[in-house]
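# Observations on chain architecture
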Amino acid sequence: MALLKVKKNGKYIHQIELDPALTYTAGRKEGVEILLGAEKAVSREHFSLKYSDDYWHLEVLSKFGDVIYQNEKVKNISFSEDTIFFIPPYEFEFYKNRSVGLPSATENPPSPETENQNDEFEKTVVGKIETIPQIQFVNEDLHLQKTISLTHLKEWTAGRDPNCEILIDDQRVSRKQFKIKSLHSEFFLVDLGSVNGTILNNKNIVPNEEVKLRSGDKIQVLDTTMLFELKNSNFDKGLMALQPIPLEELNSQEPHVPSLYEPQNLPNLNSSFPPPMSSHYMDPNLAYQLNDPLNNQAQLNSQIQEEDDESLKKKKIRMVLIGVVFLVLAAVFYTEVLAPPTSTKPNRSNDPFAKMNPNELSLLKQRKEIANDYYFKKSFRLALDETQKILKRFEELEINFKKTKFGQEVEELDKKSALAIEAEKEIIEYNTKQEEQRKNEEKLTQIADQCATKLKSNPSMTMSEYDNCIASVIYLNPAHPKIQSAKLKIQQAEEEKLRKMAENKVYRENVSKLKWIYKKAVKTEQEGNFLQAIEDYKAVLKQNLPDPEGLKKESNSKIISIEKMISMKSISFVQEAEKLASEKKYKEAIQRLKAALKVNPIDMTLDQKITLFKRELAKEIKPIWEEATIEETYSQVECTENKSCAIEKWKKIILMDVQDGEYYIKAFTKLKKYGAH
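What you are looking at is a predicted structure, and each value in this text was computed from that prediction instead of being measured. All residue numbers refer to position in the chain's written sequence, counted from 1. Where local features are concerned, this predicted model is filtered to residues with pLDDT of at least 70; where side-chain atom pairs are given and counted, the filter is 80 or more; whole-chain, interface and lining totals use all residues. The side-chain values count all of the structure's non-hydrogen atoms but skip hydrogen atoms and water molecules.

### Some details on the overall build of the protein
- A run of H or I in DSSP becomes a helix once it reaches four residues, and a run of E becomes a strand once it reaches two; helices and strands are each numbered from the N terminus. Across its full length, the protein holds 16 helices and 22 strands.
- Relative accessibility decides the category of a residue: with a 1.4 Å probe and only protein chains considered, values under 20% of the type maximum give buried, values over 50% give exposed, and everything between is partly exposed. In the protein, which comprises 677 residues, the share counted as buried stands at 31%.
- Contacts in the protein between residues far apart in sequence, at least 24 positions, make up 47% of those at least 6 positions apart.
- The Shrake-Rupley method, run with a 1.4 Å probe, gives the accessible areas here. Residue values count only the displayed protein chains as cover. A total accessible area of about 45300 Å² is found for the protein, and carbon and sulfur atoms account for 52% of it. By definition in these notes, contact holds between two residues if any of their heavy atoms fall within 4.5 Å.

### Details of the nonpolar core
- Throughout this description, the term nonpolar core refers to a set of buried Ala, Val, Leu, Ile, Met, Phe, Trp, Tyr and Cys residues connected via side-chain atoms within 4.5 Å. Leu593, Phe613, Ile647, Trp650 and Ile653 are the most contacted members of the largest nonpolar core, which totals 31 residues.
- Among the elements of the structure, α12 (551-582), α13 (586-599), α14 (605-633), α15 (646-656) and α16 (662-673) are those that each provide at least two residues to this core.
- Here the element with the most residues in this core is α14; it accounts for eight residues.
- Those residues in contact with Ile647 that sit more than four places away from it in its chain are Val637, Glu638, Leu671 and Ala676.
- Counting residues in each nonpolar core, the second largest holds 25 residues, with Leu18, Val42, Tyr69 and Ile87 among its members.

### Some details on the side chain of Ser48
- Secondary-structure assignment places Ser48 in strand β5 (residues 47-52).
- According to the relative accessible area criterion, Ser48 is buried, its value standing at 8%.
- Residues within four places of Ser48 in sequence aside, it is in contact with Tyr24, Thr25, His57, Leu58, Glu59 and Leu61.

### Things to note about the sheet that holds strand β17 (residues 186-191)
- By definition, two strands form a pair when at least two bridges between them are found by DSSP. Here five strands make up an open sheet; going across it, the order is β15-β14-β16-β17-β20 and the pairing mixed. The sheet is open, and its two edges are formed by β15 (166-167) and β20 (211-213), each paired on a single side.
- Taken together, the three bridges between β17 and β20 define a ladder with antiparallel strand orientation. Considered in β20, the bridge of Leu189 is made with Val211.

### A look at the pattern of salt bridges
- A pair is scored as a salt bridge if a Lys or Arg side-chain nitrogen falls within 4 Å of a carboxyl oxygen belonging to Asp or Glu. This structure, assessed with the given rule, holds 36 salt bridges.
- Glu435 is the partner of Arg438 in a salt bridge, and the nearest nitrogen-oxygen pair spans 2.4 Å. Placement of both Arg438 and Glu435 in helix α8 (residues 405-457) is noted, with a separation of three residues, approximately one turn of the helix.
- With a relative accessible area of 39%, Arg438 lands in the partly exposed category.

### Some remarks on the packing of α12 against α14
- Every axis corresponds to a line fitted to the C-alpha atoms, with the helix fit spanning only the stretch in contact, and the corresponding angles, defined between N-to-C directions, vary from 0 to 180 degrees. Contact geometry of α12 with α14 gives a least axis separation of 12 Å together with a crossing angle of 15 degrees. One way to sum up the angle between α12 and α14 is to call them roughly parallel. Read as a crossing pair, α12 and α14 show a hand that is left-handed. Across from Ser570, Val574, Ala577, Glu578 and Ala581 in α12, the residues of α14 making contact are Leu606, Lys609 and Phe613.
- Only Asp, Glu, Lys and Arg are considered charged, only Ala, Val, Leu, Ile, Met, Phe, Trp, Tyr, Cys and Pro nonpolar, and every remaining residue, Gly among them, polar. For the contact of α12 with α14, the per-class residue count stands at five nonpolar, one polar and two charged. Roughly parallel here means an angle under 35 degrees, roughly antiparallel means over 145, roughly perpendicular means 65 to 115, and every remaining angle is called oblique. Two helices crossing with the near one rotated counterclockwise from the far one by less than a right angle form a left-handed crossing, whereas a clockwise rotation gives a right-handed crossing.

### Remarks on the packing of aromatic side chains
- Under the pairing criterion, centres of Phe, Tyr and Trp rings, with the six-membered ring standing for Trp, must be within 6.5 Å; the plane angle then separates stacked pairs below 30 degrees from edge-to-face pairs above 60, leaving the rest tilted. Considering all chains together, one arrives at 18 aromatic pairs under this definition.
- Arranged with centres 6.2 Å apart and planes meeting at 50 degrees, the rings of Tyr24 and Trp56 form a pair that is tilted. Here Tyr24, found in strand β3 (residues 24-27), pairs with Trp56, found in strand β6 (residues 55-60); they are 32 residues apart in sequence, far enough to count as distant.
- Relative accessible area serves as the criterion here: at 7%, Tyr24 is assigned to the buried category.
- Pairing Tyr375 with Phe376 gives two aromatic rings, centres 5.7 Å apart and planes at 85 degrees, and the pair type is edge-to-face.
- Note on Phe376: relative accessible area 21%, which makes it partly exposed.
- Through successive ring pairs, a cluster of aromatic residues spans Phe47, Phe79, Phe85, Tyr90, Phe92 and Phe94.

### What to know about the environment of Thr198
- Considering the arrangement of structural elements, one finds Thr198 in the loop between β17 and β18 (199-200).
- Among the residues examined, Thr198 registers a relative accessible area of 0% and is labelled buried.
- Not counting chain neighbours up to four residues away, the residues in contact with Thr198 comprise Gln177, Phe178, Leu189, Asp191, Lys203, Asn204, Ile205, Ile219, Gln220 and Val221.
- In the analysis that follows, any N or O atom pair within 3.5 Å is treated as a polar contact, provided that within protein one partner can donate a hydrogen and the other can accept it, and provided that, for residues neighboring in sequence, both atoms belong to side chains. Separated by 2.5 Å, the side chains of Thr198 and Asp191 make a polar contact.

### Remarks on helix α10 (residues 481-526)
- In this model, α10 (46 residues) spans 67 Å end to end at C-alpha, consistent with the 68 Å of a helix rising 1.5 Å per residue.
- Those residues of α10 that sit buried are Ile483, Ala486, Ile490, Val511, Leu514, Ile517, Tyr518, Ala521, Val522, Thr524 and Glu525.
- Elements that come into contact with the buried residues of α10 comprise α8, α9 (463-470), α11 (530-542) and α12.
- Just downstream of α10, Gly528 is the residue with a positive phi angle, here 90 degrees. Working rule for helices: expected span equals 1.5 Å times residues minus one.

### Regarding the state of the cysteines
- The definition used for a disulfide is geometric: two cysteine sulfur atoms within 2.5 Å. For the coordinates displayed, the defined rule picks out two disulfides.
- Bridging Cys451 to Cys469, the disulfide has an S-S length of 2.1 Å. Of note, the bridge from Cys451 to Cys469 carries an S-S torsion of about -100 degrees and is left-handed in sense. Of this pair, Cys451 sits in helix α8 while Cys469 sits in helix α9, and the two are 18 residues apart along the sequence.
- Look at Cys469 and you get buried, because its relative accessible area is 19%.
- Note on cysteine connectivity: Cys639 is disulfide-linked to Cys645, with sulfurs 1.4 Å apart.
- Taking relative accessible area as the criterion, Cys639 reaches 42% and is therefore assigned partly exposed.
- Exposure remark for Cys645: the relative accessible area of 0% places this residue in the buried category.

### A few points about the sheet that holds β3
- With mixed pairing, five strands are arranged side by side in an open sheet as β4-β3-β5-β6-β9. Looking at strand neighbours, the two that pair on one side only are β4 (34-35) and β9 (76-79), the edges of this open sheet.
- With four bridges joining them, β6 and β9 adopt antiparallel strand pairing. Note that in β9 the partner of Leu58 across the bridge is Ile77.

Written as structure tokens, this is what we have:
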């Protein structure tokens, strides 16, 4: 079953076994499953925990609050493994599969007897000493200048930025030089890609790589030296329990072993004490004893009795030791001075420095310290001279120094000094180049501003004119922003000019095109093809073309005029046709209707009237046709004197009927048959 442990300021306050069937809410609202204190960073309902798809999922419910996970603010977390997340000052430990080791918030409180037993057990557990990480700024003599305690966070940044937790007062230091990370009670140092680098225990560390920190490690950034310390939070209290040894005891002839547990030497809090030593240099056993809560009064009394019993034994032991020391000194004196010389085999040592004179080796080591001092004082050339002399001496003596720690340190210092000299050269070259660039920038800016003023007063300035203006400084930086900006303005002005010219050309072409369409409509109207003229004028209206002369308006007027004229002509033809029809002149009436239909073909009533008049005309022609048919039957086709004939009647039908009439076609066929057409 999953387990959630909650810490506040390093102390456990909740332990909850997470039931997959339940949803847990954490916040400061009463009634939530995980109740937190009324902290500013905690909302009433801050986050929820629920189980789904084989994972526990965290979702932030607060609109303004966050959860810190892996040094980032997140809104959702899916727990696939044991992990830690934070809502300062709370720390949450999630265990995917873990049984409860301490009473959970839902369990009954322990009995007083059990609680006392647990307290006694806690007092004897090793590793329960609480430590506070500190950064101690020291001078060249390692004298403490100031101390910064690293608390309440999991990451602390060092640099010259005022927002850094560890502020380094040196303008040469990077704004963010390095950071210290806390992870599972361990601390790591990470250089943040700084310019000058970060030195840990006299060795440069690789940028952006974690290096484990231990209490007492020395961190150097240029001239600033810092010590990383893990200070026992109870150390000062324990140290105050120590009684200083009286001066009389130190000067007494009778040896005396001071006891921390003698009744007359109980702590006097009002006495003055020497300044406490750093926990880094303190005996771990003594530090442990000072913090061991088992040193109660009962143990003090028992130890007092033991020391009284051992007092006489120690005196006897001292006398025996003095005698043993005397005998050892006598034996050494005999061996070195009085004993006859004996032949010994040469000692073949694996130490490459064995064949060197110890005094010379000592001088070389001193020279190395001098070189190291030169290096830290930034006298890199002097440091390089010293290391070169040492390495040259090694070569003269044919010593394989690379296999020794001393030789490796000299070689590393030699490389660092050479690199520092090269870096100094690069810095000088860089500064010289920067100064030259600054002067060139001032000169270029001055001329560019003058040309910009001319361009402002003359927006139509051409590119060649601007090139002549800037020619004296353009070689310094052709890509300078001011030059590029001015050229861009000129280019945009020229492009705008060309664009307007192109637009004017297209405009004129479109105006001409609309005129041509309008003229075509006028010509069609003049030819009397009024319906087509209407269509042509409508085509003018449909064009999405510029119309500076108002041709579309004119076309619309033309359409109205032509339609009115067509309507009037159509009415006139119909009236004439009806009058002729009333006079039995059906052929002429049909012709008038056809003329009206030609003028106004969309009038469907005209076709109906034409059909009606054709039917009436056919009634009048039918008797004549029947007579002609009879005469043809009796062979009276051709005319003779005093006799009618079929040909005469057929010709009469041709005159009476319209060309598309029924009897006109029949009569025409008969006449053609008899050759009388």
